[in-house]
Amino acid sequence: MNVIKTALEGVLILEPKVFGDERGFFMESFNQRAFDEAVGHHVDFVQDNHSRSSRGVLRGLHFQLPPHAQGKLVRVTQGSVFDVAVDMRKSSPTFGRWVGVELTGTNHRQFWIPPGFAHGFVVTSDSADFLYKTTDYYAPQAEGALRWDDPTVGVQWPLQDLTPLLSPKDAQAPLLGQAPCFD
């Protein structure tokens, strides 16, 4: 597995080894030992989620606060998305900064977003199947969100001429100055 560090400490792009021929491909999508080595410590995953979304759907930016903070290992099995992590840790030198990566069913990249970061994505293909491994269970009382178009954060979503399709909750998410944050 190739591990690519990003500008946000702890946020990683993971490229598994893919073995392909005229019949298709094989890859190891998750290996606990290799993942722990990549992130530098043991991580327990407790839940897997799968979403399917159409072009222009923007989900996020979401996070969960302690004691239910979630790390997420995400990937796309079909289609393509632009995936984003935003540092929500007030004590971090990169607080409010973001990184993004294209995840596709053909590049097989995975994105590790540790606890303390908001996460979201926009679908750039006709549809996309998106898989999440999370380190804590969904806890609605711990939910936090950051507005997708916060000008202070300035995520450069590749929308071209699309108007993003948002849930009502995401459309009303607070800006960074009003959003709950991590210490």
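Residues numbered from 1 in each chain as written. Predicted model: local features only at pLDDT ≥ 70, side-chain atom pairs only at ≥ 80, totals over all residues. Heavy atoms only, no water.

A. Highlighting the pattern of salt bridges. A complete count under the given rule lists eight salt bridges for this structure. D129 is paired through a salt bridge with R52; the nearest N and O atoms lie 2.6 Å apart. Linking D129 in strand β12 (residues 127-134) with R52 in strand β5 (residues 47-54), this pair joins segments that are 77 residues apart in sequence. The exposure class assigned to D129 is buried, which follows from its relative accessible area of 8%. For R52, a relative accessible area of 59% gives the class exposed. Among the ionic pairs, D149 bridges to R147, the shortest N-O distance being 2.5 Å. Given a relative accessible area of 26%, R147 falls into the partly exposed group. (Salt bridge = Lys/Arg side-chain N within 4 Å of Asp/Glu carboxyl O. Helix = DSSP H or I, 4+ residues; strand = E, 2+ residues; numbered from the N terminus. Buried < 20%, exposed > 50% of the residue type's maximum accessible area, 1.4 Å probe, protein only.)

B. Geometry of the packing of aromatic side chains. All chains considered together, the criterion is met by ten aromatic pairs. Judged by centre distance (5.8 Å) and plane angle (45 degrees), the rings of F30 and F35 are tilted. The class of F30 is partly exposed, set by a relative accessible area of 29%. Owing to a relative accessible area of 2%, F35 belongs among the buried residues under this scheme. Residues F82 and W157 carry aromatic rings whose centres are separated by 6.3 Å and whose planes lie at 80 degrees to one another, so their mutual orientation is edge-to-face. Taken as a pair, F82 in strand β8 (residues 80-87) and W157 in the loop between β13 (143-145) and α2 (168-171) lie far apart in primary sequence, 75 residues in all. For F82, a relative accessible area of 15% translates into the label buried. For W157, a relative accessible area of 11% puts it in the buried group. Ring pairing ties together the aromatic residues F30, F35, F45 and W112, which thus form one cluster. One cation-aromatic arrangement involves K133 over F30; the distance from NZ or CZ to the ring centre is 5.0 Å. (Phe/Tyr/Trp six-rings, centres within 6.5 Å; stacked < 30°, edge-to-face > 60°. Lys NZ or Arg CZ within 6 Å of the ring centre and 35° of its normal.)

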